[in-house]
Structure formats: structure tokens, C-alpha cells
Amino acid sequence: MPSCPRCDAPVDDNARYCAQCGAPQTEDAAEELDEYVQRQAEQVAGSDGGGGGGSGSRGTDVFPSTEELTDREQLWRRGSYVLGYGTIVIAMTRVPAAESWPLILASVAILPPIRRLTAEPLGSPLKREVMAGIYAVFAVIGIALFVLLG
Ligand SMILES: [Zn+2]
């Protein structure tokens, strides 16, 4: 069994890092560690200019990236629009059948502008998970009515 060049603790043959002191045991591991440290340094250097409201998450994730977060947010918004408008189109084809109304409510709930409107009486926008939940409830009611009545 080889031993760690730094602390002489025994290391597994295929271990990439020393379990005792964390020293990299292979070229790859050393490179990976270098990259990791560099990324962390860039993050610390770049964290001053942040401006966005998402504080608190920094430091908890291993690789927090504001770009990733906005990407995910944009993807969510795009998905919400597609889902919302798709549902409205389907609902409109069913008017005046009973199942069209819960479907219309479902699509209204999931559309991003509605979240902004809920911010006025409530002080802060409803969480997107809540809106998605409302959507799911109305969509299920609509589909149930569609199955039962259609
Ligand atoms: Zn060691």
C-alpha cells in the first residue's frame, strides 16, 4: 500500500486524495484541485459586483453561479409561458364546456405576469412552486371534468 508523500499516512492504491491530509495523490487530482481553487478565487473576486437580490445562497453550494441561477429562472419562465398559453389554447377549444374554466384558471395561475400581480396585495410574489401547485390543481380538475363529462 502506498503512503502519502506529504503526511506518510497509508493511502489506497486508487485513492485520488489522501484521507488524512487531503493531499492529491495523482496528477489528475492535483490538476482538479488547482482548478477548484482557481474557481473559488474567481468567485470571491467576482462576488462584489453582484447586485441581484439572491443573497444567502452564496457559500452553501460548492459552485454557486449567478449565471446558472438566471438561466434556470429563464428556463422556468419560458416553460411557464409555454404551459400557460398551451393550456389556454386547449381550454378555448372546450368553451363553453365545464372543463374549460378550471383549465383557464390553471393557465392564468402559471403565467409569469400573474405572479407579479399577486405581489400587490400580498407584498411579495407567490413562490413559483405555489403557482405551479395551483396550476396542477386546476389542470387536474379540468382533466377530470373532461374525462367525466366528455
Ligand atoms: Zn496525507
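Note that the structure is a prediction, hence the values are computed from the model and not measured. (Residues numbered from 1 in each chain as written. Predicted model: local features only at pLDDT ≥ 70, side-chain atom pairs only at ≥ 80, totals over all residues.)

## Re the overall build of the protein
Right, so step 1: Secondary structure assignment for the protein yields five helices and zero strands.
Right, so step 2: Along the protein, helices (α) and strands (β) appear in the sequence α-α-α-α-α when read from the amino end.
Right, so step 3: Within the protein, the proportion of its 150 residues that are buried is 13%. (Helix = DSSP H or I, 4+ residues; strand = E, 2+ residues; numbered from the N terminus. Buried ≥ 20, exposed ≤ 12 C-beta atoms within 10 Å, placed from the backbone.)

## Digging into the UniProt feature "domain: Zinc-ribbon" (unreviewed entry) in the protein
Right, so step 1: Under the local residue numbering, the UniProt record ascribes the feature "domain: Zinc-ribbon" (unreviewed entry) to residues 4-24.
Right, so step 2: As annotated, residues 4-24 has a helix share of 0% and a strand share of 0%, and its two end C-alpha atoms lie 9 Å apart. (UniProt positions renumbered as here; feature names shortened; annotations may be inferred.)

## Quick word on helix α4 (residues 112-122)
Right, so step 1: Within α4, only zero of the 11 residues are buried, leaving the element largely exposed.
Right, so step 2: Just downstream of α4, G123 is the residue with a positive phi angle, here 90°.

## Some remarks on unusual backbone geometry
Right, so step 1: Here the residue pair V95 and P96 is connected by a cis peptide bond, since its omega of 5° sits within 30 degrees of zero.
Right, so step 2: Mapped onto the elements, P96 comes out in the loop between α2 (66-94) and α3 (100-110).
Right, so step 3: Positive phi, normally seen in glycine, also occurs at D8, with a value near 70°.
Right, so step 4: Position of D8 relative to the elements: it lies in the segment before α1 (27-46).

## Let's talk about α1
Right, so step 1: Helix length check: α1, at 20 residues, gives a terminal C-alpha distance of 29 Å against a target of 28 Å (1.5 Å per residue), a fit within 8%.
Right, so step 2: Little of α1 is tucked away, with zero of its 20 residues classed as buried. (Expected span 1.5 Å × (residues − 1).)

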